[in-house]
Amino acid sequence: MLIRRERLQDVADIRAVTTAAFSGAEHSAPPIEPDGAPGEATLVGWLREDPGWVPELSLVAEADGQIVGHVVATRGALAGRPALGLGPVSVSPARQRDGVGSALMHAVLGAADALGEPVVVLLGSPAYYGRFGFVPASSLGIDSPDPAWGDYFQARPLTAYEPGLRGPFRYAAPFDRM
């Protein structure tokens, strides 16, 4: 398996992987487009067109010449300062529990750290994302866009993180359209 940056020719495959990964998932977003794809598939396209898009942080997992996973982190703001929002993370159903998601997570966190980013936030299962160093964002003084998210809104401080970086987090604008 190879983890690499997204290329223009990967866009349709990324949409297909994201659609497959989120179809029937318990907490997936409702379809937005007529093709019935879960909202996460549309969100990735919207993010690509947004100023918060960071091309270096849109990564695919490729196995045997096929895209089997995708992760993206986009520019958000934490108390008015740059920070990253991670997601969606998508893995083809046939490759789930094969280490693809873990490889993507390690790669995107390493890339974000190498770019000098201070912190990455996400909305997801604490039991799963804790293995990557995520903690409840509130424990770092980072406020969720929706207080109902509780400990599912998590943060991962990176090397450039400063403990004084606290306050409300805002995702890239396309997240507000969901």
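These lines cover the structure that appears in this document, whether it is placed above or below.

**Some thoughts on the pairing of strand β5 (residues 119-123)**
Counting buried positions along β5 yields four of five residues, so the element is predominantly enclosed. Both strand β4 (residues 81-91) and β5 contribute to a ladder of two bridges, which runs parallel. Note that in β5 the partner of Leu-84 across the bridge is Val-120. Handedness of the crossover joining β4 and β5 through helix α3 (residues 100-114) is recorded here as right-handed. Bridge count for β5 against strand β8 (residues 153-157) is five bridges, and the pairing is antiparallel.

**Re the environment of Ala-61**
Locating Ala-61 in the fold gives a position in strand β2 (residues 58-63). On the accessibility criterion, Ala-61 (0% relative accessible area) is buried. Separated by 40 residues in sequence, Ala-61 and Ala-21 have C-alpha atoms that sit 14 Å apart. Those residues within four positions of Ala-61 in sequence are excluded, and the remaining contacts are Met-1, Leu-2, Ile-3, Gln-66, Ile-67, Val-68, Gly-69, Val-100 and Leu-104.

**Focus: the packing of aromatic side chains**
If you walk through the whole model with that rule in mind, you get 10 aromatic pairs. Ring plane angle 90° and centroid distance 4.9 Å describe the contact between Phe-169 and Tyr-171, whose orientation is recorded as edge-to-face. Taking the relative accessible area as the measure of exposure, Phe-169 reaches 4% and is therefore buried. Joined through ring pairs, the aromatic side chains of Trp-149, Phe-153, Phe-169, Tyr-171 and Phe-175 make up one cluster.

**A closer look at the environment of Phe-132**
Residue position: Phe-132 is located in the loop between α4 (126-129) and β6 (135-136). Once the C-alpha coordinates of Phe-132 and Leu-109 are considered, the two residues, 23 residues apart in sequence, prove to be 8.7 Å apart. Among all residues touching Phe-132, those that are not within four sequence positions of it are Ser-102, Met-105, His-106, Leu-109 and Arg-156.

**As for α3**
A turn of α-helix holds 3.6 residues, and therefore any two residues three or four places apart point the same way. Here α3 spans 21 Å end to end across 15 residues, near enough to the 21 Å set by a 1.5 Å rise per residue. Among all positions of α3, only Val-100, Gly-101, Leu-104, Met-105, Val-108, Leu-109 and Ala-112 are buried. For α3, the angular spread of buried residues about the axis comes to 155°, placing them on one side. In α3, the exposed positions that point more than 90 degrees away from the buried face belong to His-106 and Ala-114. One or two residues past the end of α3 sits Gly-116, with phi positive at roughly 85°.

**Comments concerning the pattern of salt bridges**
If you walk through the whole model with that rule in mind, you get nine salt bridges. A salt bridge links Arg-81 to Glu-162; the shortest N-O distance between them is 3.6 Å. Of the two residues, Arg-81 sits in strand β4 while Glu-162 sits in the loop between β8 and β9 (167-170), which places them 81 residues apart along the sequence. Put simply, Arg-170 and Asp-176 hold a salt bridge, and the shortest N to O gap is 2.6 Å. Taking relative accessible area as the criterion, Arg-170 reaches 53% and is therefore assigned exposed.

Cut-offs and rules
Residues numbered from 1 in each chain as written. Predicted model: local features only at pLDDT ≥ 70, side-chain atom pairs only at ≥ 80, totals over all residues. Heavy atoms only, no water. Buried < 20%, exposed > 50% of the residue type's maximum accessible area, 1.4 Å probe, protein only. Helix = DSSP H or I, 4+ residues; strand = E, 2+ residues; numbered from the N terminus. Pairing = 2+ DSSP bridges. Right-handed = clockwise from strand over helix to strand, strands pointing away. Contact = heavy atoms within 4.5 Å. Phe/Tyr/Trp six-rings, centres within 6.5 Å; stacked < 30°, edge-to-face > 60°. Expected span 1.5 Å × (residues − 1). Arc of directions from axis to C-beta. Salt bridge = Lys/Arg side-chain N within 4 Å of Asp/Glu carboxyl O.

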